[in-house]
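# Fold and geometry: a report
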Amino acid sequence: MKWKKINRHRVLSRAEIETLNFIWKWKMANTMTLKTVIVPLNSFWKFYKKLRRLLKEGYISETSDQRLQMSVWTLTKKGFNYLHGGSEALSQKRFKPQSVAHDYWALNFHLGDF
């Protein structure tokens, strides 16, 4: 008898949902910006472990840019669907950055982190 793999979705924590929302709003973010905004008092490694779990489960992806010479986190289709699955109220359904460098600098100017 073969066992079937059951696809169970876990419930994301408040910090993980806030992380997905932040990345959706700004289209991308680096690790320190996310940690500072989402959980400023928690351990860096504890938060980084949450990011790696979201990456492993396919909610976010890691993207690098030659001009920035750094990696940033972006939302995947699975992450977007988790947040806004089937919502017709959205005027735009974009979740990927068109220019990582531009979105990075816009985020930093808005948050004052430059």
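Our structure's up above, just so we're on the same page.
Definitions and cut-offs
- Residues numbered from 1 in each chain as written.
- Predicted model: local features only at pLDDT ≥ 70, side-chain atom pairs only at ≥ 80, totals over all residues.
- Heavy atoms only, no water.
- Helix = DSSP H or I, 4+ residues; strand = E, 2+ residues; numbered from the N terminus.
- Buried < 20%, exposed > 50% of the residue type's maximum accessible area, 1.4 Å probe, protein only.
- Contact = heavy atoms within 4.5 Å.
- Areas by Shrake-Rupley, 256 points an atom, 1.4 Å probe, with all protein chains shown as cover.
- Axes fitted to C-alpha atoms, helices over the stretch in contact; angles between N-to-C directions.
- Parallel < 35°, antiparallel > 145°, perpendicular 65-115°, else oblique.
- Left-handed = near helix turned anticlockwise from the far one by under 90°.
- Nonpolar A, V, L, I, M, F, W, Y, C, P; charged D, E, K, R; others polar.
- Salt bridge = Lys/Arg side-chain N within 4 Å of Asp/Glu carboxyl O.
- Phe/Tyr/Trp six-rings, centres within 6.5 Å; stacked < 30°, edge-to-face > 60°.

### Quick notes on the overall build of the protein
Check the secondary structure of the protein and you find 5 helices and 2 strands. Secondary structure elements of the protein occur, N-terminal to C-terminal, as α-α-α-β-β-α-α. In the protein, which comprises 114 residues, the proportion classed as buried is 38%. Sequence separation of at least 24 residues holds for 54% of the intrachain contacts in the protein that already meet a minimum separation of 6. A total of about 8,000 Å² of accessible surface is found on the protein, and carbon and sulfur atoms cover 55% of it.

### A word on the packing of helix α1 (residues 14-26) against helix α3 (residues 44-56)
Close contact between α1 and α3 brings their axes to 11 Å; oriented N to C, the two are set at 70 degrees. When the axes of α1 and α3 are compared, the pair comes out roughly perpendicular. Relative to α3, α1 is oriented so that their crossing is right-handed. Two secondary-structure elements touch here, α1 through E16, T19 and L20 and α3 through F47, K50, L51 and L54. Taken together, the residues of the contact of α1 with α3 break down into 4 nonpolar, 1 polar and 2 charged.

### Details of the pattern of salt bridges
This structure, assessed with the given rule, holds 6 salt bridges. Its salt-bridge partner being R53, residue E57 comes within 3.2 Å of it at the nearest N-O pair. Note on E57: relative accessible area 23%, which makes it partly exposed. Among the salt bridges present, the one from D65 reaches R67, with a minimum N-O distance of 3.6 Å. Each of R10, E16, R53 and E57 takes part in salt bridges that share partners, so that together they form one network.

### A word on the packing of aromatic side chains
The final tally for this structure, using the stated rule, is 7 aromatic pairs. Ring centres of F44 and W45 lie 4.9 Å apart, and the angle between their planes is 85 degrees; this geometry places the pair in the edge-to-face category. Note on W45: relative accessible area 62%, which makes it exposed. Between the aromatic rings of F44 and Y48, the centroid separation amounts to 5.9 Å while the plane-to-plane angle is 10 degrees, which identifies the pairing as stacked. In this pair, F44 and Y48 both sit in helix α3, 4 residues apart, roughly one turn of the helix. The partly exposed category is assigned to F44, whose relative accessible area is 26%.

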